[in-house]
Amino acid sequence: MNRRQFLETTATASAMALAPLSAPSLVLPQSLGPRMGISIASYAIRWRSKAASKQYPAFTDALQVLAHSQQLGAGGIQIGVRGWAEAFAGKVRDAREKHNLYLEGQISLPKDDGDDLARFEHEVKNAREAGATILRAVCLGGRRYETFSTLASFQSFKADSIAALERAVPVMQRNRVKLAIENHKDWRIQEIIAIIEHLGSPWMGITLDTGNNISLLEDPMEVVEALAPYTFTTHFKDMGVAPYQDGFLLAEVPLGNGMLDLSRVVQLCRHHNPDVTFNLEMITRDPLKIPCMTDAYWETFDNVNGRELARALRMVESAAGKTLPGISDKNPEEQLAFEEQNVRSSFAYASTHLGLG
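On a predicted model such as this, the values are computed, not experimentally measured, just so you know. (Residues numbered from 1 in each chain as written. Predicted model: local features only at pLDDT ≥ 70, side-chain atom pairs only at ≥ 80, totals over all residues. Heavy atoms only, no water.)

Engineer: I'm lost on the sheet that holds strand 5 (residues 178–182) in this one. Help?
Structural biologist: Paired through backbone hydrogen bonds, the strands of a sheet run either parallel or antiparallel to each other. One closed barrel accounts for 8 strands, arranged 1-2-3-4-5-6-7-10; its pairing is parallel. For this sheet, the mean angle separating the axes of adjacent strands, direction not counted, is 30 degrees. The pairing of strand 1 (residues 37–39) with strand 2 (residues 76–80) spans 2 bridges and is parallel. Across the sheet, residue S39 finds its bridge partner in strand 2, namely Q78. Helix 9 (residues 262–272) rests against strand 6 (204–209), strand 7 (231–236) and strand 10 (277–280) of the sheet, and its axis sits at about 165 degrees to strand 7. (Pairing = 2+ DSSP bridges. Helix = DSSP H or I, 4+ residues; strand = E, 2+ residues; numbered from the N terminus. Axes fitted to C-alpha atoms, helices over the stretch in contact; angles between N-to-C directions. Contact = heavy atoms within 4.5 Å.)

Here it is as structure tokens:
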């Protein structure tokens with residue numbers, strides 16, 4: 001199945017009537033679509049936190065996150081569904097409907113054809129019962145350049161990932177729920193496109209993370225342009241970079257404070273899928289080290305050249321200048337407050353400048 005065939009088989013492929021792709025970056029009016037939602041990773045500190053905070057008590061389940069998201073003015077949430085019982089899924093559905101919020105799940109891929117496939121389908125059914133029509137999954141929980149030390153080990157992971165996705169296809173089709181695979185610092189552009197086209201199912205698409213592939217030396221706007229035709233949902237973020245001895249530092253920053261043309265991202269995604277959801281993923285943490293000047297970084301890449309490295313380093317040089325956010329100098333209460341500040345700042349920007357409020 002090629003890209004055109006993929007689009008023709010999806011439910012939303014016929015609604016492609018937005019502004020031309022050659023239009024300049026613009027401030028989008030608030031009438032263009034639903035409010036921005038939030039990925040639970042935006043509350044990576046507060047989620048099941050052990051800190052004894054009265055102002056920022058830990059979130060321990062989806063019901064608490066739904067209630068907080070409604071107070072934020074979010075349109076919905078994206079959260080893990082592992083371990084949900086049918087009764088709890090019903091409570092989530094009731095809360096979601098009460099506040100008129102959407103729900104997207106996060107799920108682990110089935111590792112085998114036995115018990116884990118049964119686990120996977122059980123979670124899909126409970127997520128659907130709660131009202132989820134899209135589930136986000138990743139093939140790799142870590143980062144390619146940190147997880148694998150040889151190209152052969154990466155190729156083995158790739159084969160296992162494709163097998164897991166092939167197991168998932170009939171489950172998604174039976175339950176009429178879409179599975180959206182994230183570009184999670186594992187797949188470069190053409191690798192993830194090849195996997196989606198190999199699967200050839202309208203129930204299989206992409207969770208487009210707007211910043212992850214910077215770590216793989218790819219231009220973020222080229223990533224959006226290439227993956228938007230396959231995108232069901234997003235991890236919507238802005239990014240900052242800075243040089244360091246072995247490569248560069250990479251960090252999520254509040255929307256509007258980074259290097260991405262966010263208006264253009266929204267425009268491109270909606271051009272290809274007017275129903276696409278934008279889930280804020282503002283991860284408050286110390287900047288990540290991208291060690292692209294070390295030999296170990298390159299072990300799993302067989303088709304990346306020096307020109308791409310040079311382009312990435314020029315991008316870092318041109319975008320550097322702002323101090324990247326971090327948390328190691330803050331106590332637990334300060335970290336929680338900083339996280340909430342970053343989330344609220346991003347929602348204010350999305351509402352004022354992107355038509356997502």
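Okay, back to it.
Engineer: What am I meant to see in the nonpolar core here?
Structural biologist: Generally speaking, soluble globular proteins have nonpolar side chains that are buried together. Counting 96 residues, the largest nonpolar core has M172, L179 and F236 as the members making the most contacts within it. Residue contributions to this core peak at 9 residues, all from helix 6 (residues 151–175). In this structure L179 touches I107, L109, F120, L135, A137, L165, A168, M172, W203, M204, G205 and F232, once residues within four positions along its chain are discounted. Listed in part, the 5 residues of the second largest apolar core include I45, I327, L336 and F338. (Core = buried A, V, L, I, M, F, W, Y, C linked by side-chain atoms within 4.5 Å. Buried < 20%, exposed > 50% of the residue type's maximum accessible area, 1.4 Å probe, protein only.)

Engineer: What should I look at first to understand the pattern of salt bridges in this one?
Structural biologist: When the charged atoms of two side chains with opposite charge come close together, those side chains can pair. Applying the stated criterion to the full structure yields 21 salt bridges. Note that E123 is salt-bridged to R82, the shortest N-O span being 3.9 Å. With a gap of 41 residues between them, E123 in helix 4 (residues 115–130) and R82 in the loop between strand 2 and helix 3 (86–99) connect regions that are remote in the sequence. With relative accessibility at 55%, the residue R82 sits in the exposed group. Residue E97 is joined to R96 by a salt bridge in which the shortest nitrogen-to-oxygen separation is 3.6 Å. Taking the relative accessible area as the measure of exposure, R96 reaches 15% and is therefore buried. (Salt bridge = Lys/Arg side-chain N within 4 Å of Asp/Glu carboxyl O.)

By themselves these figures say nothing about function.
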